[in-house]
Structures are given as structure tokens and as C-alpha cells.
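Structure at a glance
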Amino acid sequence: MTTETHSKAASAFLQDEERSKWHDDTLWFVRAKRDKAANKLPGWEALRDAAAAIKEHTLSRLDEYLEEFEANAIANGVKVHWANDAAEHNSIIYSILQENNAKRVVKSKSMLTEECALNPYLQSKGVEVVDTDLGEFIVQLRDEHPSHIVLPAIHLKKQDVSDTFHQHLHTEKNNKDEVYLTRAARSFLREKYLTADAAITGVNFAIAETGGIVVCTNEGNADFGANANKVHIACMGFEKLIPKLDHLSVFLRLLARSATGQPITTYSSHFRKPKQGQQMHLVIVNNGRANQLSKPAFRNSLKCIRCAACFNTCPVYRRSGGHSYHTSIAGPIGSILAPNMDMRKNADLPFASTLCGSCTNVCPVKINIHEQLYAWRQVLMKEGYGGAAKTAAMKSMSVVLSNPKLYRVSGSVGRSVMRLAPWSVNNKLNPWYKQRDLPEPPKQSFRDWYLKNKTNE
Ligand code: SF4
């Protein structure tokens, strides 16, 4: 893996200019909706400050709050499981399913189960898993991964969905009517809900004080799954914790506005204990989070509430598409989380950013996203993941920029080369110039001009 892997995948996405422009425009529309919703709410910045403070406080006492949460959840009748990594998470879920002789599972959107690759694992054991979030359902039928954490099928157009449903659900060929397609998905999924043996959901917030969890959806699919089945398994990364029920209103006001510009998600469902005759399990997962917590420069990325505002605003994400990130969580925050999981495999991702800082500006929990991306670049270059050419170029630049005389001479040589032989840098072998024009080089440097023109007033 080199620092160019993302850019190569992005080039492939950009081949279809019309689609990439549409992707860019669509996400910018969502970003603009977010701005309007945020501006309409008095005290928006105070809410962001409060959310950041609550999350920082929780991370600083995570051990205490996790124990409090576990004790309260157990007292409520919930079975709590701890998983150190993805493999343990998957095998715990499989053993719960086996104990209940469960062969068919409905699953609402959970990025954690994507991160742990739960679907292929369960399928390899003969368990049927159906994703019930509409976007996830579409990408599952296509055997793709979600390209966005809130809008999993945002890379697809109506015609793609029509083709997919025609192939798998036998809908009318080329019928792109949204109501028709949604009804087809609804009737297929309804049967799955009613015949499933167990339901898996994610968790948006886990409340230490009550031992309860909150799941936010716009489709009510988590509620249907969890209420229609005898076994409900909820999976959460341990960073989902908040200390008190009162804190929830801070996050609920921020989450949907930041995600889609809605005042609130259509369903914010509270699950505290199993219904009569039902089992409720909670799987609390580490999978690299403790490692991230131990790194002072990156620990605050665990404040993330997965709203995707940083995706929607990021000029690189919007133009390169989610699949170019080759990780379960794409976008700016994914580019911070992924190298922690596997530095070698994900060394390219912190470079997939202009460092413009727009992600940091919109983040509802005030994560310094662009600064962490920059910090990762420094770590990766030091660890030797920059690629030989880039490392050599950076070392040469460091020598030139730290020596004023050498800098002046290099500037003068560079200006001459650019004037006399522009083709030596502006050619097809140099990817940087593929879509850029070389500016006319000045005859002299600013320093020379200044020395010549300065007056001694
Ligand atoms: S980093 Fe911030 S903006 Fe990005 S998904 Fe997480 S909470 Fe949202």
C-alpha cells in the first residue's frame, strides 16, 4: 500500500464525469441543508461545545462509565458481552444465534457490523442475514459495501436501483419510480421481518445511568426488527457511551441536523430491557478503540457520533466517492480511524484530504479532524509509509527549505527551467500537471523585487 492507493481508486470513480459531478452536487445539497438547520437553531455553537465536553469527559472516565453501564444493563435483564476484536464480536453473535437455533436474521444499519465483516462471517456459517435499512439493502443486493455511513447507497442513481431490483426482486424493467421501488423493497423486507429468528441492531447512544440504549433510524427498521423477534442483539463500540439520560437531548439535536438537516431522526428508539419472552443482548466492542484512546493526538476521534457531516462537506470525499477509501468508514473521520486499525493497509487515507478544515468546522462534537489527518501524515512518513519517491522528494525539500542560500539558488534555477523548458515538468509523466496549467514564471523572486523597490522611509 502506498499513499497513492486512494487517488488511483478516485481516478476510476472520476472516469464517469456525469456521475461524479452528480455525487458532488448531491452531497453538497445535504451539506447546505445541514447549514440551514444549524443556523435555525439558537445556541447551535453552545450545543456543539456541550457535546464535545460531555464526550471528552466520558472518554476520560470510560472505565467507570462502562462498569456503571454494564451493571445497570444487567440489572435491567440484558445479557452483556465484551468483545476485544472483530473475530470475538462475530463469534459471540454466532453463539447467541446457535443457542437460539436462529438461522435467519434481520439487521438494521450498524457500521460496527460492517467494520467487523459480520455479514460474510454469518453467511459462511449458513445464517441468512438481511440488511433492512433501504440503502444497505440495495448495496447488499449488489454485493457492495456502503459508500457513506448515513446514506449507504449515495453512489447509486435511480436507474441503478431499478436495475438491481429488477434483477433480484423482479420489478418492472426500467421502472424508476421511487414509490414503486420502495414498495417493492418494503414488501420483500416485511416477509423477512416476520419470519426472522433474531434481529441485530446498532447503537447510537448507550446511557451509563440507565443501562439503556438509543437507536436512531428514519425508517423504523430497527424497531420493527427488535420488536418482532424473540432475540435482539445490539452491537456497540465502547465509545457510544454517554453518562446521563439528560445528555441525550444535546446529541439528538445535533445528530440529525448535522447528518441530513432534519430537526430529528424519524425514530429515536429507546431499548432498556427485554420484553416479556424476549432476550436482549448487548455486545460491547473494543476492536482497536483502546489503542486509539491511548494516543493523545488521536484519542478525541472517539468522540465521533457518526453523523457524516464531515463526509458531506469534504471536497475530496464528494469527488472521489466512498468506495475509493477501501475501509468500512470512509471520509475524513474514517481516514483517522483506519490507520489505527492497520497502518500499512490504510497509509494512503490521511493523504486523501486538502486539509481545508471544513470537516472540523462542521463536526458537531468538535473533533479537530484536519489536524489529526495532518498528524497521521507525519506519523506515516516517519514510519516509512510515504513511498520511496515521495520520501526522497520531501527530504530534498527539507534540505532546500532549511537553507536560505540554497532556497534562493533553487528558486532562480526553477524559474529559468520553467521559462525555457516548461515541458520538463509539465508533461504527461507528471500526474500533478494532468489537470493543471503551469503558471507563467515571474522574472524575479519577490525577495529580489522587494530589495530593488524598497524605500528607506
Ligand atoms: S467526525 Fe464529526 S462530523 Fe465526522 S462523522 Fe464524526 S461526528 Fe460527524
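Here is what the cut-offs are and how they apply
- Residues numbered from 1 in each chain as written.
- Predicted model: local features only at pLDDT ≥ 70, side-chain atom pairs only at ≥ 80, totals over all residues.
- Heavy atoms only, no water.
- 1 Å grid on protein atoms, 1.4 Å probe; cavity = no way out; pocket = protein on both sides within 12 Å on 5 of 7 lines; lining within 4 Å.
- Points joined across faces, edges and corners; volume = space filled by probe spheres on them.
- Nonpolar A, V, L, I, M, F, W, Y, C, P; charged D, E, K, R; others polar.
- Helix = DSSP H or I, 4+ residues; strand = E, 2+ residues; numbered from the N terminus.
- Near = heavy atom within 4 Å.
- Buried < 20%, exposed > 50% of the residue type's maximum accessible area, 1.4 Å probe, protein only.
- Contact = heavy atoms within 4.5 Å.
- Pairing = 2+ DSSP bridges.
- Core = buried A, V, L, I, M, F, W, Y, C linked by side-chain atoms within 4.5 Å.
- Polar contact = N/O pair within 3.5 Å; in protein donor to acceptor, adjacent residues only side chain to side chain.

**Some details on empty space enclosed by the protein**
For the structure on display, the rule yields five cavities of 30 Å³ or more. Counted as a void, the largest cavity has a volume near 80 Å³. Lining the largest cavity we find Ile149, Cys304, Ile305, Arg306, Cys307, Ala308, Cys310, Ile333, Cys363, Pro364, Ile367 and Ile369. Taken together, the residues that form the lining of the largest cavity break down as 11 nonpolar, no polar and one charged. By volume, the second largest cavity amounts to about 60 Å³. Elements with a minimum of two residues in the lining of the second largest cavity: α14 (309-313) and α17 (358-362). Classifying every residue of the lining of the second largest cavity by side-chain character gives eight nonpolar, five polar and no charged.

**A short note on the site of the ligand**
Around the ligand sit 13 residues, and of these Cys304, Cys307, Ala308, Cys310 and Cys363 come closest. Here the residues of the shell around the ligand are counted per class, giving 12 nonpolar, no polar and one charged.

**Brief notes about the environment of Ala308**
Note that Ala308 resides in the loop between α13 (289-293) and α14. Overall, Ala308 belongs to the buried group, its relative accessible area being 2%. The contact partners of Ala308, leaving out residues within four places of it in the chain, are His148, Ile149 and Val150.

**Here we look at the pairing of strand β10 (residues 279-285)**
With six of its seven residues buried, β10 lies for the most part within the structure. Taken together, the five bridges between strand β1 (residues 79-83) and β10 define a ladder with parallel strand orientation. Of the residues in β10, the one forming a bridge with Trp82 is Ile284. Two elements, strand β7 (residues 231-237) and β10, share seven bridges in a ladder whose sense is parallel. Looking at β10, one finds that Gly237 is bridged to Val285.

**Description of unusual backbone geometry**
The phi torsion at His170 lies on the positive side, around 60°, for a residue other than glycine. Position of His170 relative to the elements: it lies in the loop between α9 (158-169) and α10 (178-195). For His170, a relative accessible area of 65% corresponds to the exposed category. If you check the backbone angles, Ala308 has positive phi at about 75° while not being a glycine.

**Describing the layout of surface pockets**
Of the voids in this model, the largest pocket is the one considered here, and its volume is about 2,200 Å³. Around the largest pocket, the lining is made up of 48 residues, and of these Lys390, Asn430, Pro431, Trp432 and Arg436 lie nearest the centre. Of all the elements in the fold, those that place two or more residues in the lining of the largest pocket are α1 (5-14), α15 (315-320), α18 (369-382), α19 (388-401), α20 (404-420) and α21 (446-453). Broken down by element, the residue count for the lining of the largest pocket peaks at eight residues, all from α19. Class assignment for the residues of the lining of the largest pocket results in 17 nonpolar, 18 polar and 13 charged.

**Topic: the nonpolar core**
Core analysis: the largest hydrophobic core is formed by 55 residues, its most contacted members being Phe205, Phe251, Phe311, Tyr317, Ile333 and Ile369. Broken down by element, the residue count for this core peaks at seven residues, all from helix α12 (residues 248-260). Excluding residues within four positions of it along the chain, Tyr317 makes contact with His23, Leu27, Ser147, His148, Ile154, Phe311, Gly322, Tyr325, Ala330 and Gly331.

**Considering the side chain of Thr113**
Mapped onto the fold, Thr113 is located in helix α6 (residues 111-115). Look at Thr113 and you get buried, because its relative accessible area is 2%. Within the structure, Thr113 has its side chain in polar contact with the backbone oxygen of Ser110 (distance 2.8 Å). Once residues lying within four places of it in the same chain are set aside, the contact partners of Thr113 are His89, Lys107, Leu118, Ile200 and Cys235.

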